[in-house]
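If you want the building blocks of each chain, they are given just below.
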There are 2 protein chains.
Amino acid sequence: MIIPMAERMNGVRASEIRELLKFTARSEVISFAGGLPAPELFPVREIEAAAVSALDHEGARVLQYSTTEGDPRLREIIAARMNRVRGTHRTADEVLITAGSQQGLDLSGKIFLDAGDVVLCESPTYIGAIQALRIFQPRFVEVPTDDGGMIIEALARRLAAEPRARVIYVVPDFQNPTGRRWPMERRRALLEAAARHAVVVIEDSPYAELAFDGPPLPAIQSMDGRGQVVFLGTFSKTFCPGLRLGWVAGPAELVEKYVLVKQGADLHTSTLPQRLLQLYLDRHDFDAHIQRIRALYHCRCNVMLEAMDRFFPPAVHYTRPRGGLFLWVELPEQLNARELLAASLAENVAFVPGGAFYPNGGHEHTIRLNFSNMPEERIREGIRRLARVIRNFLADAPVAETTSVNARA
Amino acid sequence: MIIPMAERMNGVRASEIRELLKFTARSEVISFAGGLPAPELFPVREIEAAAVSALDHEGARVLQYSTTEGDPRLREIIAARMNRVRGTHRTADEVLITAGSQQGLDLSGKIFLDAGDVVLCESPTYIGAIQALRIFQPRFVEVPTDDGGMIIEALARRLAAEPRARVIYVVPDFQNPTGRRWPMERRRALLEAAARHAVVVIEDSPYAELAFDGPPLPAIQSMDGRGQVVFLGTFSKTFCPGLRLGWVAGPAELVEKYVLVKQGADLHTSTLPQRLLQLYLDRHDFDAHIQRIRALYHCRCNVMLEAMDRFFPPAVHYTRPRGGLFLWVELPEQLNARELLAASLAENVAFVPGGAFYPNGGHEHTIRLNFSNMPEERIREGIRRLARVIRNFLADAPVAETTSVNARA
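Residues numbered from 1 in each chain as written. Chains lettered and ligands numbered in written order. Predicted model: local features only at pLDDT ≥ 70, side-chain atom pairs only at ≥ 80, totals over all residues. Heavy atoms only, no water.

**Student:** Could you clarify how one ought to interpret the interface of chain A and chain B in this entry?
**Tutor:** For interface size, the figure often reported is the accessible area lost on association. At the junction of the two partners, chain A supplies 84 residues and chain B supplies 84 residues. For the pairing of chain A and chain B, the buried interface totals around 6,700 Å² over both sides, and the portion due to carbon and sulfur atoms is 61%. There are four salt bridges connecting chain A and chain B. At the surface where chain A touches chain B, the tally comes to 38 residue pairs in polar contact (both at pLDDT 80 or more). Of all elements in the fold, only helix H1 (16-24), helix H2 (44-63), helix H4 (100-112), helix H5 (127-134), helix H7 (184-195), helix H8 (252-266) and helix H9 (271-283) of chain A reach the threshold of two or more residues within the side of chain A that touches chain B. Sorting elements by how many residues they give to the side of chain A that touches chain B places H2 of chain A first, with eleven residues. (Contact = heavy atoms within 4.5 Å. Buried area = accessible area lost by both parts, 1.4 Å probe. Salt bridge = Lys/Arg side-chain N within 4 Å of Asp/Glu carboxyl O. Polar contact = N/O pair within 3.5 Å; in protein donor to acceptor, adjacent residues only side chain to side chain. Helix = DSSP H or I, 4+ residues; strand = E, 2+ residues; numbered from the N terminus.)

In structure tokens, the structure reads:
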């Protein structure tokens, strides 16, 4: 029997990254796809000790139903840490524990989007946000970006032109997919532009603490005087992703709505994982742990950039991130990254074609590369092979230099 | 700033059960509210051993991102067990691991419901399903029930009268809130009625294995020849609820949609909890464990019924469940359960007013009682106090016997 489905299901399709990850599970593949953190830095021993002590001393409690809002002590730690590290002014009551920040995106769509409403986002933007929000049938309006993130004049023009604008979605710190970070003046300018409209700003910030040099920049939320910014945080990149632990922080009257909607979605986030994280944060030096992750990713990013500088043809352009997990490649416009991927997979090298990060399509000459999950020698070897594949494609389709320069604008 | 919200947020409000649970956390309260399983039967030692061995031997893997579908071995165990215990014919590929069966409800709403579509459900029905589905703005059409569950002739008439019927939602085994179980002929009749319409049947089955006498009945899905039934399962009542582990099982072409939609919602269910459950199921006698839970709940249910038989006035009627966690009370119609609750809480006894289980309201003279979470002597004492409160109310509002008899029809 053909069962009729909701209209929103028309836009739902499988993620390319996910299909790729299946392939990249084979050990011979050098994967620059996915966004996996380096598992060698997961605090496995510390988590095991936390599990033993939680189950020894409060087994019944950490296995029982708990409140939708999440572990009170964990919310307290998160609020205090955000305030210290990112300059915000949140109380524990203004923090909701979620199943990763991905759930924060799903809840945001439910709360703010009717079909036909407009989401303004960076062009390109995080593929998981496109997927989470698309099911609520918005229209995505892409705002042009440069090396400093979203171009705010362009945002302001689009806000003025779109009466149904409801959500501004941004990843201001070492963005997925480009690795770019917005400077302070852009953050301030965003708030000024948003202040003239009744829209919510979703600040998705998984990578801010993974800055290679210096402390993270203040969150956009830290400067929000109007209660207009919802902050999505996650422990996936700084602790481990498999436990699915993130949070939503924002003005109490908005966070209340997230709590209500989360209750219908899954009652609450898994209790034991929350306790494991809380015990870890109470017992160990989280700043020092993050410092180790930053150092490793900095090194891997450098290795990747050095190999790209050496092996890639000059017509290929790329970002030079100062943090995070990703960098972004623009090929000469004649090249198609999906075709390139097929050839690259034949050489056991995987990446994600950049077109998937544009909600309205196009930009098929772009590529996202992840540098966090492979050891140095495999990064070098993978880039060497990828460069060879690119050179072969260029040999078949000679480059018009002006086109490739325009493509970076 | 007032941020505009989606239209669907108009129907969203806090659950009464949840507000009550906050109150019932005080240790002096005898709580028949909530639906907490007995924590003294959580397999804490076994889970701890599983945690140690998972983190010792594959720490990086159980803390890393994993597939949306869930742990392959766990899906295999679930399919085999369902097929053995509930008579279904599922493969591991037709099972998706979810964050409790509550997430299965949320995903179902996303997949099948446009605003204005009709959900047919038992009257009364599970409050969490009302909450999960309401956000997709359906119209709930309540189908009358009797001691054998949904009255199928009434369902058939409503199906014929409602061209926008899309979902039939049922809890056929020891239903929450009534404790009733559908006999086999109702299950077959439901499928016959549904077969004439392009609707999906959501079979929500958290309590089937908690039958006090004899094995569980076959799932409705086991007799589904048309690929029309989606089965929602959970380990919350047979293992522990805090880990948030449930599943969706159904025809491959439907389960595929659940996978896609879940990916946008939270990427995947927490990895470590899945492994803990899988190791537990592979190492221990789950049937014997469930038998211990059944025996305890049977005993507690008997104690509650004996106390009610002894202390409740004859004008109060109630179900006599043969499994599950709940029983259902119908007071004389003049009484209002919400007012009764206020007086009862003053005596430190909590329950859930039954009106909350009717999506279209009314029925304020009903009550849901949970018997799984309190030891025997507290059940007896709580029922004694509750009976006193009811008698006081009845003294103020004398009962018309005919009305209360009609109220049971």
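**Student:** Help me understand the nonpolar core in this model?
**Tutor:** One recurring pattern in soluble globular proteins is that nonpolar side chains are buried together. Leu-369 of chain A together with Leu-369 of chain B are the most contacted members of the largest nonpolar core, which totals 235 residues. Setting aside residues up to four positions removed in sequence, Leu-369 of chain B forms contacts with Phe-32, Met-304, Met-308, Leu-325, Phe-326, Leu-327, Val-329, Phe-351, Ile-383 and Leu-386 of chain B. (Core = buried A, V, L, I, M, F, W, Y, C linked by side-chain atoms within 4.5 Å. Buried < 20%, exposed > 50% of the residue type's maximum accessible area, 1.4 Å probe, protein only.)

**Student:** Can you walk me through the environment of Ala-198 of chain B in this structure?
**Tutor:** Within the secondary structure, Ala-198 of chain B is located in the loop between helix H7 (184-195) and strand S8 (200-204). Between the alpha carbons of Ala-198 of chain B and Asp-146 of chain B there is a distance of 26 Å; along the sequence they are 52 residues apart. In this structure Ala-198 of chain B touches Met-1, Ile-2 and Pro-4 of chain A together with Ala-165 of chain B, once residues within four positions along its chain are discounted.

**Student:** Explanation requested: the pattern of salt bridges in the structure shown.
**Tutor:** Proximity of charged atoms lets side chains of opposite charge pair with each other. Under the counting rule described, the total for this entry stands at 56 salt bridges over all chains. Here Arg-385 of chain A and Glu-381 of chain A are joined by a salt bridge, their closest N and O atoms 2.8 Å apart. Separated by four residues within a single helix, Arg-385 of chain A and Glu-381 of chain A lie in helix H12 (residues 376-396), roughly one turn from each other. Residue classification places Glu-381 of chain A among the partly exposed residues on the basis of a relative accessible area of 24%. Put simply, Glu-58 of chain B and Arg-61 of chain B hold a salt bridge, and the shortest N to O gap is 3.4 Å. Residue Glu-58 of chain B and its partner Arg-61 of chain B are located together in helix H2 (residues 44-63), separated by three residues, close to a single helical turn.

**Student:** Would you mind showing me how to read helix H3 (residues 72-86) of chain B here?
**Tutor:** The periodicity of an α-helix, 3.6 residues per turn, causes residues three or four places apart in sequence to face the same way. Residues and elements named next belong to chain B. In this model, H3 (15 residues) spans 21 Å end to end at C-alpha, consistent with the 21 Å of a helix rising 1.5 Å per residue. Every buried residue of H3 is accounted for by Leu-74, Arg-75, Ile-77, Ile-78, Ala-79, Arg-81, Met-82, Val-85 and Arg-86. Sitting at the amino-terminal end of H3 is Asp-71, which places a side-chain oxygen 3.0 Å from the backbone nitrogen of Arg-73. Note on H3: the residue one or two positions beyond its end, Gly-87, has a positive phi of about 80°. (Expected span 1.5 Å × (residues − 1).)

**Student:** What am I meant to see in the domain arrangement of chain A here?
**Tutor:** Residue and element names in this part refer to chain A. For chain A, the domain assignment lists domain 1 (7-42 + 288-406) and domain 2 (45-283). The centre of domain 1, based on its C-alpha atoms, is set 25 Å off from the matching centre of domain 2. Between domain 1 and domain 2, the contact holds 35 residues from the first and 35 residues from the second. Interface of domain 1 and domain 2: buried area, both sides summed, is about 3,200 Å²; carbon and sulfur atoms make up 61% of it. Summed over the three residues of domain 1 that lose the most area to domain 2, namely Arg-294, Arg-322 and Pro-359, the buried surface amounts to 20% of that side. Counting across the interface, domain 1 meets domain 2 through one salt bridge. Two residues, Arg-322 and Asp-213, come together in a salt bridge whose shortest N-O distance is 2.4 Å. Counting residues per element, the side of domain 1 that touches domain 2 draws most heavily on helix H10 (residues 286-311), which supplies seven residues. The class makeup of the residues in the side of domain 1 that touches domain 2 is 19 nonpolar, ten polar and six charged. (Domains from an automatic or database assignment. Nonpolar A, V, L, I, M, F, W, Y, C, P; charged D, E, K, R; others polar.)

**Student:** Sorry if this is basic, but what is going on with the packing of H2 of chain A against H9 of chain A here?
**Tutor:** A pair of packed helices is characterised by two quantities: the angle between their axes and the separation of those axes. Residue and element names in this part refer to chain A. In the contact formed by H2 and H9, the axes pass within 9 Å of each other and the chain directions differ by 125°. Relative to H9, the element H2 lies oblique. Crossing handedness for the pair H2 and H9: right-handed. Contact residues: Glu-46, Ile-47, Ala-49, Ala-50, Ala-51, Ser-53, Ala-54, Leu-55, Glu-58, Arg-61 and Val-62 in H2; Thr-271, Leu-272, Arg-275, Leu-276, Leu-279, Tyr-280 and Arg-283 in H9. For the contact of H2 with H9, a count of residues per class yields eleven nonpolar, two polar and five charged. (Axes fitted to C-alpha atoms, helices over the stretch in contact; angles between N-to-C directions. Parallel < 35°, antiparallel > 145°, perpendicular 65-115°, else oblique. Left-handed = near helix turned anticlockwise from the far one by under 90°.)

**Student:** Help me understand helix H4 (residues 100-112) of chain B, please; the structure alone is not making it clear to me.
**Tutor:** The terminal C-alpha atoms of H4 of chain B, which comprises 13 residues, lie 19 Å apart, in line with the 18 Å expected from a rise of 1.5 Å per residue. For H4 of chain B, the buried fraction is high: 13 of the 13 residues fall into the buried class.

**Student:** I would appreciate a short explanation of the side chain of Thr-238 of chain A in the present structure.
**Tutor:** Within the secondary structure, Thr-238 of chain A sits in the loop between strand S8 (229-234) and strand S9 (246-249). If sequence neighbours within four positions are ignored, Thr-238 of chain A has contacts with Leu-210, Phe-286, His-289, Ile-290 and Ile-293 of chain A.

**Student:** It is not clear to me how the relation of the copies chain A and chain B should be interpreted in this structure. Could you clarify?
**Tutor:** Between the two copies, chain A and chain B, the superposition gives an RMSD of 0.0 Å; the rotation angle is 180° and the shift along the axis is 0.0 Å. Here the transformation between the copies is reduced to the relation of a two-fold axis. When the interface residues of chain A are mapped onto chain B, 100% of them are again interface residues, pointing to one common binding face. (Least-squares fit on C-alpha atoms with pLDDT ≥ 70 in both.)

**Student:** Please explain the packing of aromatic side chains as it appears in this structure.
**Tutor:** The geometry of an aromatic ring pair is captured by two quantities: the separation of the ring centres and the angle between the planes. Residues and elements named next belong to chain A. Within this structure, the stated rule accounts for 22 aromatic pairs over all chains. Between Phe-212 and Phe-371, the ring centres sit 6.2 Å apart and the planes meet at 55°, which makes this aromatic pair tilted. With Phe-212 in the loop between strand S7 (200-204) and S8 and Phe-371 in the loop between strand S14 (366-370) and H12, this residue pair connects regions lying 159 residues apart in the sequence. Residue Phe-212 shares its accessibility class with Phe-371, and that shared class is buried. In this structure an aromatic cluster arises from ring pairing among Phe-231, Phe-235, Phe-239, Trp-247, Tyr-280 and Phe-286. (Phe/Tyr/Trp six-rings, centres within 6.5 Å; stacked < 30°, edge-to-face > 60°.)

**Student:** Help me out: how do you make sense of the sheet that holds strand S12 (residues 326-330) of chain B in this one?
**Tutor:** Two pairing modes exist for strands in a sheet, parallel and antiparallel, and in both the strands are linked by backbone hydrogen bonds. Residues and elements named next belong to chain B. In space, the four strands of this open sheet follow the order S11-S12-S15-S14, with antiparallel pairing throughout. For this open sheet the edge positions go to strand S11 (317-318) and strand S14 (352-353), each flanked by a neighbour on one side alone. Inspection of the sheet shows S11 paired to S12 by two bridges, in the antiparallel sense. Residue pairing for S12: Tyr-318 is matched across the bridge by Val-329. (Pairing = 2+ DSSP bridges.)

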